[in-house]
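Here's the letter readout for the chains.
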Amino acid sequence: MFRDIWLIFKRDMTLSLRNPAWVLIGIMQPLLYLFFFGPLMEKVVQSTPGFPPGNSWAVLTPAIMVQTALFGTSFAGFSLLAEYRAGVTERFRVTPISRAALLFGKLFAASFQAVVQALLIIVVAFLVFPLDAPVAGVLLSLVIVALLAITLGSASYAVALMIKSETAFPALLNAVLMPLLLLSGILVPITTGLAPSWLYNLSRINPFSHVVDAERAAFRGDITMDALFTGCVALAVMAVLAVFWGVRTFQKENS
């Protein structure tokens, strides 16, 4: 199975390297947020109480990393739909390759690309902006991004195989991702000091808000149980459920 995963991973990475435009497009949006939204956030943090601890870049940079993983890997199902229409999935069915390896190879490729994009965001934030974060926290944040990408990629592939429609798939994603984005506190943290009680309570239902909180805690060096426990548990539960869903869908579709 490990050999099958490696073959699928290498295949997907080769396809991505042959057409790096999508990778560059995917990294442009978070960089624009850093350059054009970051300076505004810096002024807001200085004059508005209720923000999480740390300077504006320690608040914004990890949130942008989560946003990149959220939107980048959520649309991974598009590539699977293209392969399905081109008959690639049908060809894999007649091979002895493990059905789970088809999923895990693609997930690891998508996760690797998300981590590389997150690493580029961190490098730019360190070199251009006054970001100050501990090395251990940065490494932990990259692990969170990788696990988040696996979670979202699994769900994206499962939904793509269930819908099998290039027109319905993006509409469904936009309907789901937009409230998740707004209620996660990525752009502006949703805290008791900033948001009304109903909005704060609603955001606590969104598991991605806890992941964003854990990412910000890692960036400010707060690796205590109180800061990371809820976000890491929420992410671990989502990852297990999403991967189980993805594996079952792949096995059923390719049986």
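Use the structure listed above.
Every value quoted in this text rests on a predicted model; they were computed, and no experiment measured them.

Considerations on the overall build of the protein
Point 1. Looking only at helices and strands, the protein has 11 helices and 0 strands in total.
Point 2. Secondary structure elements of the protein, listed N to C terminal, follow the sequence α-α-α-α-α-α-α-α-α-α-α.
Point 3. The globule rule puts the C-alpha radius of gyration for 255 residues at 18 Å, and the 19 Å found for the protein is close to it.
Point 4. For the C-alpha atoms alone, the extent of the protein along its principal axes is close to 60 × 40 × 35 Å.
Point 5. Within the protein, the fraction of its 255 residues that count as buried is 49%.

Here we look at the packing of helix α3 (residues 56–74) against helix α7 (residues 135–163)
Point 1. It is the contact of α3 with α7, at a shortest axis distance of 8 Å, that shows an interaxial angle of 25 degrees. One element, α3, and the other, α7, form an angle in the roughly parallel class. Here α3 runs over α7; the crossing is right-handed. The segment α3 lies against α7, with M65, V66, A69, L70, T73 and S74 engaging S141, L142, V145, L148, A149, L152, G153 and S156.
Point 2. Residue composition of the contact of α3 with α7, by class: 9 nonpolar, 5 polar and no charged.

Description of the nonpolar core
Point 1. Grouped together as the largest cluster of nonpolar side chains are 48 residues, with contacts concentrated most on L34, M65, L148 and I186.
Point 2. Put simply, the parts of the chain that give this core at least two residues each are α2 (21–47), α3, α6 (99–128), α7, α8 (168–182), α10 (207–219) and α11 (225–253).
Point 3. Those residues in contact with M65 that lie beyond four places of it in its chain are A118, I121, I122, S141, L142, V145, E215 and F219.
Point 4. With 19 residues, the next largest nonpolar core counts L107, I150, Y157 and F250 among its residues.

Quick notes on a nonpolar patch on the surface
Point 1. A cluster of nonpolar residues, M28, L32, F35, F36, L119, V123, F126, L127 and V128, forms a patch on the protein surface that exposes about 880 Å² of accessible area.
Point 2. When residues of the nonpolar patch are traced back to their parent elements, those giving at least two are α2 and α6.
Point 3. In terms of residue count, α6 provides more of the nonpolar patch than any other element does, 5 residues in total.
Point 4. Locating M28 in the fold gives a position in helix α2.

Concerning the packing of aromatic side chains
Point 1. On inspection of all chains with the given rule, the structure shows 6 aromatic pairs.
Point 2. Taking the centre distance of 5.2 Å and the plane angle of 65 degrees together, the rings of F35 and F129 count as edge-to-face. Residue F35 is located in helix α2, and its partner F129 is located in the loop between α6 and α7; the two are separated by 94 residues in the primary sequence.
Point 3. We classify F35 as partly exposed; its relative accessible area is 39%.
Point 4. Overall, the relative accessible area of 11% leaves F129 in the buried class.

Side note on the pattern of salt bridges
Point 1. All told, the structure shown has 3 salt bridges when counted by the stated rule.
Point 2. The salt bridge partner of D213 is R204, with a shortest N-O separation of 3.1 Å.
Point 3. Judged by relative accessible area, which is 29%, D213 ranks as partly exposed.
Point 4. Residue class for R204 comes out partly exposed when judged on its relative accessible area of 24%.

Rules behind the numbers
- Each chain carries its own residue numbering, running from 1 in the written order of its sequence.
- The model is predicted, so local features are restricted to residues of pLDDT at least 70 and side-chain atom pairs to those at 80 or more, both for listing and for counting; the totals for chains, interfaces and linings are taken over all residues.
- Computation of side-chain values covers all heavy atoms of the structure but excludes hydrogens and water.
- Starting at the N terminus, helices and strands are each numbered in turn, a helix being any DSSP run of H or I of at least four residues and a strand any DSSP run of E of at least two.
- In this setup the radius of gyration rests on C-alpha atoms only. A globule is expected at 2.2 Å times the number of residues raised to 0.38.
- With a 1.4 Å probe rolled over the protein chains alone, any residue whose accessible area is under 20% of its type maximum counts as buried; one over 50% counts as exposed, and the rest are partly exposed.
- Axes here refer to lines fitted to C-alpha atoms; in helices the fit is confined to the stretch in contact. Angles between the N-to-C directions go from 0 to 180 degrees.
- These descriptions rest on fixed angle ranges, namely under 35 degrees for roughly parallel, over 145 for roughly antiparallel, 65 to 115 for roughly perpendicular, and the rest for oblique.
- By definition, any crossing whose near helix is turned counterclockwise from its far helix by less than a right angle is left-handed, and any crossing with a clockwise turn is right-handed.
- Whether two residues are in contact is decided by their heavy atoms: any pair within 4.5 Å suffices.
- Side-chain classes are defined by residue name, with Ala, Val, Leu, Ile, Met, Phe, Trp, Tyr, Cys and Pro counting as nonpolar, Asp, Glu, Lys and Arg as charged, and the others, Gly among them, as polar.
- The definition of a nonpolar core used throughout is a set of buried Ala, Val, Leu, Ile, Met, Phe, Trp, Tyr and Cys residues joined through side-chain atoms within 4.5 Å.
- Patch definition: residues above 30% relative accessible area lacking any salt bridge, with like charges linked at up to 9 Å and the nonpolar side chains Val, Leu, Ile, Met, Phe, Trp and Tyr linked at up to 5 Å.
- The method behind every accessible area is Shrake-Rupley, applied with a 1.4 Å probe, and residues are considered shielded solely by the protein chains displayed.
- For this document, the term salt bridge refers to a Lys or Arg side-chain nitrogen within 4 Å of an Asp or Glu carboxyl oxygen.
- Only Phe, Tyr and Trp rings are paired, with Trp represented by its six-membered ring, and only when their centres lie within 6.5 Å; those with planes under 30 degrees apart are stacked, over 60 edge-to-face, the remainder tilted.

Fair warning: the whole summary comes from geometry, so function is off the table for now.
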